[in-house]
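This is what each chain is made of:
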Amino acid sequence: QVQLVESGGGLVQPGGSLRLACTASGVIFSRYAMGWYRQAPGKQRELVATITMVGLTNYVDSVKGRFTISRDNAKNTVYLQMNSLDAEDTAVYYCNGRHSYISTREYWGQGTQVTVSS
């Protein structure tokens with residue numbers, strides 16, 4: 001059974017930082033490209049950042065220079081370090097994993113809430 005479990009969300013003040021983690025089980029993690037998406041109330045889910053199986057990263061323009069995605073294959077975990085947070089970053093953040101060679105093998109976590117507010 002494949003599971004992606006996110007953690008690390010919460011309430012933070014503007015300008016603050018959070019680190020999200022997503023731990024996978026039931027997959028060969030090193031073969032998966034991993035990503036973080038977010039969905040704010042009333043908006044569509046959007047891609048935030050991705051990291052390939054070899055560590056290449058990509059970010060949506062609005063988070064470049066503030067967010068960093070990384071992975072630890074030994075721990076089956078992908079991270080999203082979020083700095084300089086502002087209210088526009090408030091959303092439910094979802095972890096995504098997609099097999100690098102078999103695109104139909106794609107999985108989602110349950111989501112973790114990030115709220116940026118004073």
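Predicted model only: the values in this text are computed from it and were never measured.

Conventions used here
- Residues numbered from 1 in each chain as written.
- Predicted model: local features only at pLDDT ≥ 70, side-chain atom pairs only at ≥ 80, totals over all residues.
- Heavy atoms only, no water.
- Salt bridge = Lys/Arg side-chain N within 4 Å of Asp/Glu carboxyl O.
- Helix = DSSP H or I, 4+ residues; strand = E, 2+ residues; numbered from the N terminus.
- Buried < 20%, exposed > 50% of the residue type's maximum accessible area, 1.4 Å probe, protein only.
- Core = buried A, V, L, I, M, F, W, Y, C linked by side-chain atoms within 4.5 Å.
- Contact = heavy atoms within 4.5 Å.
- Pairing = 2+ DSSP bridges.
- Phe/Tyr/Trp six-rings, centres within 6.5 Å; stacked < 30°, edge-to-face > 60°.
- Lys NZ or Arg CZ within 6 Å of the ring centre and 35° of its normal.
- Disulfide = S-S within 2.5 Å.

Draft legend 1. Structural context of the pattern of salt bridges. Per the counting criterion, the structure on display carries four salt bridges. A salt bridge links arginine 66 to aspartate 89, with the nearest nitrogen and oxygen atoms 2.8 Å apart. With arginine 66 in the loop between strand E6 (57-59) and strand E7 (67-72) and aspartate 89 in the loop between strand E8 (77-82) and strand E9 (91-99), this pair connects stretches of sequence that are 23 residues apart. Judged by relative accessible area, which is 16%, arginine 66 ranks as buried. Taken together, the shared-partner salt bridges in this structure form one network comprising Arg38, Glu46, Arg66 and Asp89.

Draft legend 2. Representation of the nonpolar core. Core analysis: the biggest nonpolar cluster contains 28 residues, and Met34, Trp36, Val78, Leu80, Met82 and Tyr93 have the highest contact counts within it. The set of elements that each furnish at least two residues to this core consists of strand E3 (18-25), strand E4 (32-39), strand E5 (46-51), E7, E8, E9 and strand E11 (112-116). Examining the composition of this core, we find that four residues originate from one element, E3, more than from any other. In contact with leucine 80, other than residues within four places in its own chain, are Leu18, Arg19, Leu20, Trp36, Val48, Ala49, Phe67, Thr68, Ile69 and Tyr93.

Draft legend 3. The pairing of E5, seen in detail. In terms of strand pairing, E4 meets E5 through five bridges, oriented antiparallel. What sits directly across from arginine 38, in E5, is glutamate 46. Looking at chain direction, E5 and E6 are connected through three bridges and run antiparallel. Note on E6: the bridge partner recorded for isoleucine 51 is threonine 57. Hairpin connection between E5 and E6: a loop of five residues separates the two successive antiparallel strands, and glycine 55 in this loop has a positive phi of roughly 95°.

Draft legend 4. Inspection of the packing of aromatic side chains at higher detail. Inspection of the entire model under this criterion finds two aromatic pairs. Arranged with centres 6.2 Å apart and planes meeting at 40°, the rings of tyrosine 32 and tyrosine 107 form a pair that is tilted. Of this pair, tyrosine 32 sits in strand E4 while tyrosine 107 sits in strand E10 (residues 106-108), placing them 75 residues apart in sequence. Ring geometry for tyrosine 37 against tryptophan 108: centres 4.9 Å apart, planes inclined by 65°, an arrangement best described as edge-to-face. Of this pair, tyrosine 37 sits in strand E4 while tryptophan 108 sits in strand E10; the two residues are 71 residues apart in sequence, bridging distant segments of the chain. Residue tyrosine 37 is classed as buried on the basis of its relative accessible area of 18%. A cation sits over an aromatic face here: arginine 45 above tyrosine 94, 3.8 Å from the ring centre. It is arginine 45 that lies over the ring of tryptophan 108; its NZ or CZ is 4.7 Å from the centre.

Draft legend 5. Representation of the state of the cysteines in the model. For the structure on display, the rule yields one disulfide. Covalent S-S linkage joins cysteine 22 and cysteine 95, the inter-sulfur distance amounting to 2.1 Å. Given an S-S torsion of about -80°, the disulfide between cysteine 22 and cysteine 95 has left-handed geometry. With a gap of 73 residues between them, cysteine 22 in strand E3 and cysteine 95 in strand E9 connect regions that are remote in the sequence. Take cysteine 22 and cysteine 95: they sit in the same class, and that class is buried.

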